[in-house]
Amino acid sequence: MPNPTKPLVLVDGSSYLYRAFHALPALTNSKGFPTGAVYGMVNMLKRLILDYQPDYMAVVFDAKGKTFRDDLYKEYKATRQEMPSDLSRQIPPIHEIIKALGLPIIMIEGVEADDVIGTLAERAKATGFSTIISTGDKDLAQLVDEHVTLINTMSNTLYDPVTVKEKFGVPPELMIDYLTLVGDTSDNIPGVPLVGPKTAAKWLIQYGSLDNIVANAEKFTGKTGENLRNSIPNFEFVKSLVRIKLDVEVPLEFKQLAIQAADKTSLISHYKEMEFKTWLNDLLSETKEDNQKNYADYQLILTAEALDHFIEVLQCTAFFAFDVETNQFNNLHADLVGFAFATAPGQGVYIPVGHCYLGAPTQLSKAVVLAQLKPIFENQKIAKIGYNLKYAVEILTNHDIDIRGATHDTMVAAYVLDSTSSTYDIDNLALKYLGWRTTSFIDVAGSGVKQIAFDQVELSAAKTYAAEDADLTLRLHSMLMPRIEQELGLKRIYETIEMPLVPVLAQIEETGVLIDAEKLAEQGRELRTTLDSLETKAYALAGKPFNMNSPKQLQEILFQILKLPVLQKTPTRQPSTADGVLQELAQNYEMPRLIITYRSLSKLISTYINSLPQQIDAKTGRVHTSYHQTGTTTGRLSSSNPNLQNIPIRTVEGRRIRKAFIAAPGYKILSADYSQIELRLMAHISEDPNLLYAFNHDLDIHTATAAEVWDMKLEEVTPEIRRSAKAINFGLIYGMSAFGLTRQLNIDRQSAQDYIDRYFTRYPNVKAYMDNTRLQAKKQGYVETLWGRRLYIPDINASQMMRQKAAERAAINAPLQGSAADIIKLAMIHVNQTLSQDNLDAKIIMQVHDELVFEVAEQDVDRLKIMVQEKMAGVISLKVPLVVATGIGNNWDEASAH
C-alpha cells in the first residue's frame, strides 16, 4: 500500500537542466564530452532521494515541439536562445541515468513540464499525498499550499506559503496575478510596463487581487497608471499563459510513479563513461564480492621450479607489465620486497623476496630472483609496461639492472591524454578508464599510525594487491595507447618526449645536489635579525605588539587602528589581508610594506633555510628532489621535497639561497638557460614582422618594443619606459588586460589601454594570434603546442564571465608555455644522451623553469658549455634564434648570474 506519510517528489527536469549546466564549471570527461549538466542533475536527484526517502518520484521534462501556449501566442519564448550544443549533447545520457536510477521520466506533448507537475500534484492531493516539487522556476510558486512545497536544491531553499510571501511579497494564491502584472522576460510574456516585482506586490497586498486593481484602475496616477489601464485588455490573455494547467491528460496511474530498484550494471557503465569516479567507486564497493573472480588467476611464486617456468613465459612474450614492491617510498633507501608481473589480462603473478613478518613462508632469495630477471629487463626485444615507471627504474638501477627496450608508463599516458586531471594514481585511473575498484594500499597495510610496511603484509593479501597493480597496468595500457596512437600529436609527445624523459629524471633524482648547510644557517641567523627589526618597526607604527602572522590581528591593526582603506572583504565580510590586498595598500602605506617583507622572509626561512638541511640524505650527503611529469596542465615539470621551482630569483635573499647549492670539490656548477623563450615562441607562432625583426637582429626585445610602442629611437628609450614595455611584453603573453597592466605599472586604466592598443598596432600578428587562439579554444575545447601536446581549457565556454575570461588568458599562454616545456624536456633528453656518449664527467642535477643546471668536472667545463649550447639551441629550428645563456660558478647563484 502507498505510504502517504512520505511525499511524492516531482522534479522539474527542464529547469534543472539549464541550472546545472550554467551553475557548474565546464566539466568534461577525458574524451572531451561535456558532463557538467549530467553531474549536476544526478547529484540533485541523489540528494532528493537521500533527504526525503520517497517511495514515489518522477522527473518531468518538456517534450519536443510546440505547446498550447505557442498556439495562443506566437511570440511565446521567441527571445530564448537555442539550447547550447554542449547541453543538448548531455540530454540523452541524463535520461538514461535517470532511468537507471529507477526513476520514472515523464514528457507530455502539447504542454510544458510545469503543467504536468501541477496536474500530478493535484492528483497527489486527492490520493492523500503531500508533494515536494524540486525546481528553480518561480512560476511553480502558484501551486504552493499546505499540501505542496517547493525545494530548490541548488540554493537549498524551501518554499511553503509563508516563505513564498517572504520571497515574492504575495501569497501563493496571488502568484498568477503577480506574474500577470510583472510578465516574464525569459518567456517573452508582456507585463505592465514600468511595473516591477515590488510595485506588483505592493498593489496586490493593498487591493487584494488583480480584479480589485482593475476595478480601481482610475485611482492609479502618472505613467504607471496609464500603463496599467492600457494593459487591462491583455490580462486574461496573459493569465492564460502564466497559469499552470492542472488537468493535463497524463496516461499514468499513481502506482507507476513508484521508484524502482536501480540498475547498478547500467549505472556503473554510465558513471564509467562520464568518469564520475566517486559514484563509481561507491557502486563498485557495494558489489566488491563480485570482483573477487578477477583475482582468481593471480599466482604466487615461491619455488625455483615455478620461477623457472615463469621466466620461460617472460622470455617468450613480446611485452609485459610489471611493478616493484618495496618497504618504503624513498627510492634511495627502499629495500625490494617483491616483483609483480602481468603478461595477459587477469594473469597476475607475484614473486615475493622480502616479506619478513612472523610466520612468513619461505621465499626465493632476492639475489636469485634478480639474477634471473636481469636478462629479461635488459632484453631490448621485450617491451616493458609500468605505472610510475621512474620509481621502478630507480629501484632497479640500485640493483644493477638497466631497463632496456621499449618502455611504457600508464601514468604518463593518462597525463598525455588529459593533463587537466587532479590525480593520476592507479586507483583513480582504474576507476576512470576500467570501472575497476582496486585493492588499495590502505586495504592491505592499514592507515595512520597503525599502517605497516609492505614487507609486513601477509602474502595472500600482498599477492592480490601487487598482482592486481600489474594486471591493471597492462589493462590500462591496452585502453590508453589506442587513444594516443590515433592522434599523431599525442603519439609524438608520448614517444619522443615523455617516455624518453623518464630515465633522465630518474638519473637526476639519483644524483641529487650538494647543499652547504652552514651557509644556510648563517643566512637564517641574519634573516631572523631582520625579522626582529621588522617587528620592532611594525610595533612602533601600530603602537603595540601584535602577531604579524595573524590575519585577525592584522585586520585590527590595519583597519581599526591605522584606519587604512578596506579594499576587499572575505566571504565572512571581514576586511581582507590577502597578499593582493597588501600589495595594493603597500603602494601608499608603510605597514603593509613591512608585513609583505616579513611574510616573504618568514616563508624563505620555513620553506628553504630550515627545511633544506633536514632534507640532506645521510647516505649521499645530497638533497634529492622528486620531479613530477604529471604535476602541471601545461607540460612543465614540477618538483617537491624540495620544490625547486619556487626559490625566488629576483630578490637578494632568494639568490642567496641559491648560493647554498654548491659543486663538489674539483667540480663546477654550469647553468644553461633559454633566453626569453616564450617571447621568441610568440614571434615564431604569430610570425609578426616587427617581433621577428627584433629577435633576428639581436635587439633588446623590451627596448625594441618600447621604441615601437612609443614611436621613438632605440637610444631614446629610458629605463622606466623599458620597464613598462617589459611589463607589456610578458603581460600580454599571459593574457593580461588593461586592468592588470594598470595595477602592475601603477597607471590609470585609460593609459594602460592606450599602451596595449599601441602595442597591437605595432604588432598586429600578435593580436591575430590571440584572437585566433581564443576562437580555436572555444571551438574545440583545447589548444596545442608545436609538437601537438593537447592542452584542454575546461572553462573556455563557461557561462560565468570571470571563469571564461580566465580561461581565455590561459588559452593564449598555454601554447607558448607548453611549447617551452616541450623544448626544455627535449633538451634534457638530447643533452643527457650526449653526456654518456662523449664521456664527459658531468651530470644534470636540476631543471628549473627554462634552466638546466649541471655539476661538471673542472677539466670538462669548456667542452660541456659548447655541447650544451649546441644541443639546447638545436632542439627546434624557429623563425628566430633560440638563444641559450650559460654561466659557470662554484654555486648555483654564481652560475645563474649570466
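Residues numbered from 1 in each chain as written. Predicted model: local features only at pLDDT ≥ 70, side-chain atom pairs only at ≥ 80, totals over all residues. Heavy atoms only, no water.

Asker: Would you mind showing me how to read the overall build of the protein chain here?
Answerer: The helix and strand inventory of the protein chain stands at 39 helices and 23 strands. For the protein chain, the spread of C-alpha atoms along the principal axes amounts to about 105 × 80 × 60 Å. For the protein chain, the proportion of its 898 residues judged to be buried stands at 52%. Put simply, 68% of the contacts in the protein chain that link residues at least 6 apart link residues at least 24 apart. Looking at the protein chain as shown, the accessible area adds up to about 40,400 Å², and 50% of this sits on carbon and sulfur atoms. For the protein chain, the distance from the average site of its 91 positive side-chain charges to the average site of its 108 negative ones is 4 Å. (Helix = DSSP H or I, 4+ residues; strand = E, 2+ residues; numbered from the N terminus. Buried < 20%, exposed > 50% of the residue type's maximum accessible area, 1.4 Å probe, protein only. Contact = heavy atoms within 4.5 Å. Areas by Shrake-Rupley, 256 points an atom, 1.4 Å probe, with all protein chains shown as cover. Lys, Arg positive; Asp, Glu negative; His and termini not counted. Charge placed at Lys NZ, Arg CZ, Asp CG, Glu CD.)

Asker: I keep staring at the sheet that holds strand 23 (residues 884-889) and nothing clicks. Help me out?
Answerer: Sheet strands associate in pairs through backbone hydrogen bonding, adopting either a parallel or an antiparallel arrangement. Taken together, the 4 strands give an open sheet; going across it, the order is 21-22-18-23, and neighbouring strands pair in antiparallel fashion. Edge positions in the open sheet fall to strand 21 (842-848) and strand 23, since each of these has one partner strand only. On average, adjacent strands in this sheet sit at an angle of 20° to one another, irrespective of strand direction. Bridge count between strand 18 (residues 667-674) and strand 22 (residues 851-857): 7 bridges; the pairing is antiparallel. Counted as the bridge partner of K668 is V856 from strand 22. Along the sheet, helix 37 (residues 801-837) makes contact with strand 18, strand 21 and strand 22, crossing strand 21 at roughly 170°. (Pairing = 2+ DSSP bridges. Axes fitted to C-alpha atoms, helices over the stretch in contact; angles between N-to-C directions.)

Asker: Got a minute to help me understand helix 38 (residues 861-873) in this structure?
Answerer: Between its first and last C-alpha, helix 38 extends 18 Å over 13 residues, near the 18 Å set by a 1.5 Å rise per residue. All buried positions along helix 38 are accounted for by V861, L864, M867, V868 and M872. Summarising the axial view, the buried residues of helix 38 lie within an arc of 130°, below the 170-degree limit, and thus occupy one face. Facing away from the buried side of helix 38 by over 90 degrees, the exposed positions are D862, I866 and E870. For helix 38, the elements touching its buried residues are strand 18, helix 37, strand 21, strand 22 and strand 23. (Expected span 1.5 Å × (residues − 1). Arc of directions from axis to C-beta.)

Asker: When you look at the packing of helix 32 (residues 701-709) against helix 33 (residues 719-733) in this model, what are you seeing that I'm missing?
Answerer: Between two packed helices, both the angle of their axes relative to each other and the distance between the axes serve to describe the pair. Packing of helix 32 against helix 33 leaves a shortest axis separation of 8 Å and a crossing angle of 100°. Overall, the two elements helix 32 and helix 33 adopt an arrangement that is roughly perpendicular. Across the interface between the two elements, I701, H702, T703, T705 and A706 of helix 32 pack against I721, R722, A725, K726, N729 and F730 of helix 33. When grouped by side-chain class, the residues that make up the contact of helix 32 with helix 33 number 5 nonpolar, 4 polar and 2 charged. (Parallel < 35°, antiparallel > 145°, perpendicular 65-115°, else oblique. Nonpolar A, V, L, I, M, F, W, Y, C, P; charged D, E, K, R; others polar.)

Asker: Explanation requested: the sheet that holds strand 13 (residues 513-515) in the structure shown.
Answerer: Read from one edge of the open sheet, 3 strands run 14-13-17, paired in antiparallel fashion. Of all the strands in the sheet, the pair left with one neighbour each is strand 14 (622-623) and strand 17 (661-662). Across 2 bridges, the pairing between strand 13 and strand 14 is antiparallel. Of the residues in strand 14, the one forming a bridge with L514 is R622.

Asker: Is there a simple way to think about helix 5 (residues 91-100) in this case?
Answerer: Quick reminder: α-helices carry 3.6 residues per turn. Residues three or four places apart thus point the same way. When you tally the buried positions in helix 5, you get 7 out of 10 residues, the bulk of the element. Taken as a whole, helix 5 has its buried residues at I91, P93, I94, H95, I97, I98 and A100. Of the surrounding secondary structure, the elements contacted by the buried residues of helix 5 are helix 1 (13-23), helix 2 (36-52), strand 2 (57-60), helix 4 (85-88), strand 3 (105-106) and helix 13 (264-274). Backbone geometry just downstream of helix 5 places G102 in the positive-phi region, at approximately 90°.

Asker: Where do I start with the pairing of strand 22 in this structure?
Answerer: On a regular strand, each side chain points to the face opposite its neighbour's, so the side chains alternate between the two faces of the sheet. Burial runs high along strand 22: 7 of the 7 residues are buried. By the alternation rule, side chains of strand 22 split into E851, V853, E855 and A857 and L852, F854 and V856, which are all buried. With 6 bridges joining them, strand 21 and strand 22 adopt antiparallel strand pairing. Within strand 22, the residue paired with V848 across the bridge is E851.

Asker: Looking at this model, I keep getting lost on the pattern of salt bridges. Mind explaining?
Answerer: Oppositely charged side chains can pair when the atoms bearing their charge come close. Taken as a whole and judged by the stated rule, the model has 46 salt bridges. In this structure, E808 engages K778 in a salt bridge whose closest nitrogen and oxygen atoms are separated by 3.1 Å. Placement of the pair is E808 in helix 37 and K778 in helix 36 (residues 764-780), with a sequence separation of 30 residues. Beyond isolated ion pairs, a larger network of salt bridges with shared partners links K767, D771, R774, K778, K805 and E808. (Salt bridge = Lys/Arg side-chain N within 4 Å of Asp/Glu carboxyl O.)

Asker: Explain the environment of R89 here, please?
Answerer: Examined against the element boundaries, R89 turns out to sit in the loop between helix 4 and helix 5. Sequence spacing of R89 and F33 is 56 residues, and the spatial spacing of their C-alpha atoms is 8.4 Å. Once residues lying within four places of it in the same chain are set aside, the contact partners of R89 are F33 and P34.

Asker: What exactly am I supposed to notice about the side chain of Q804 here?
Answerer: Within the secondary structure layout, Q804 lies in helix 37. Side chain to side chain, Q804 and K778 meet in a polar contact 3.1 Å long. Aside from chain neighbours lying at most four places away, what touches Q804 is K778, D795, I796, N797 and A798. (Polar contact = N/O pair within 3.5 Å; in protein donor to acceptor, adjacent residues only side chain to side chain.)

Asker: Is there a simple way to explain the packing of aromatic side chains in this structure?
Answerer: Both the distance between ring centres and the angle between the ring planes are used here to describe each pair of aromatic rings. Counted according to the given criterion, the structure contains 31 aromatic pairs. Plain terms: the ring middles of Y39 and W279 are 4.7 Å apart, the flat faces sit at 5° to each other, and that makes the pair stacked. Separated by 240 residues along the polypeptide, Y39 in helix 2 and W279 in helix 14 (residues 277-286) bring together distant segments of the chain. The class for Y39 is partly exposed, based on a relative accessible area of 29%. (Phe/Tyr/Trp six-rings, centres within 6.5 Å; stacked < 30°, edge-to-face > 60°.)

Asker: What should I look at first to understand unusual backbone geometry in this one?
Answerer: Comment: phi is negative for the bulk of residues other than glycine, and the bulk of peptide bonds are trans. Following N641, the chain continues to P642 via a peptide bond in cis, the omega torsion being 0°. Among the structural elements, P642 can be located in the loop between strand 16 (638-640) and helix 29 (652-658). A positive phi angle, close to 50°, is found at N641, a residue other than glycine. The residue N641 is located in the loop between strand 16 and helix 29 in this model.

Asker: I would appreciate a short explanation of the environment of P251 in the present structure.
Answerer: Along the polypeptide, P251 turns up in the loop between helix 12 (235-242) and helix 13. Not counting residues up to four positions away in its chain, the partners in contact with P251 are I108 and Q256.

Asker: Would you explain the packing of helix 37 against helix 38 in this entry?
Answerer: Contact geometry for helix 37 and helix 38: axes closest at 9 Å, N-to-C directions at 140°. Relative to helix 38, the element helix 37 is oriented oblique. Note that helix 37 runs across helix 38; the crossing there is right-handed. Counting all contacts with helix 37, which are made through I824, A827, V831, T834 and L835, the residues of helix 38 involved are L864, M867, V868, K871 and M872. The residue inventory of the contact of helix 37 with helix 38, partitioned by class, reads 8 nonpolar, 1 polar and 1 charged. (Left-handed = near helix turned anticlockwise from the far one by under 90°.)

Asker: I keep staring at the pairing of strand 9 (residues 336-342) and nothing clicks. Help me out?
Answerer: In terms of burial, strand 9 is largely enclosed, as 7 of its 7 residues are buried. When strand 9 meets strand 10 (residues 348-352), the two strands line up antiparallel, connected through 5 bridges. By the bridge assignment for strand 10, F339 is matched with I351. The loop that links strand 9 with its antiparallel partner strand 10 comprises 5 residues; one of these, G346, has a positive phi angle of about 85°.

Asker: What am I meant to see in the environment of P190 here?
Answerer: In this structure, P190 sits in the loop between helix 8 (175-182) and helix 9 (197-207). For P190, a relative accessible area of 36% gives the class partly exposed. For the pair formed by P190 and S130, sequence separation is 60 residues and the distance between their alpha carbons is 33 Å. Leaving out residues up to four positions away in the same chain, P190 has contacts with Y73, T180, G183 and V238.

Just distances and angles here, no functional claims.
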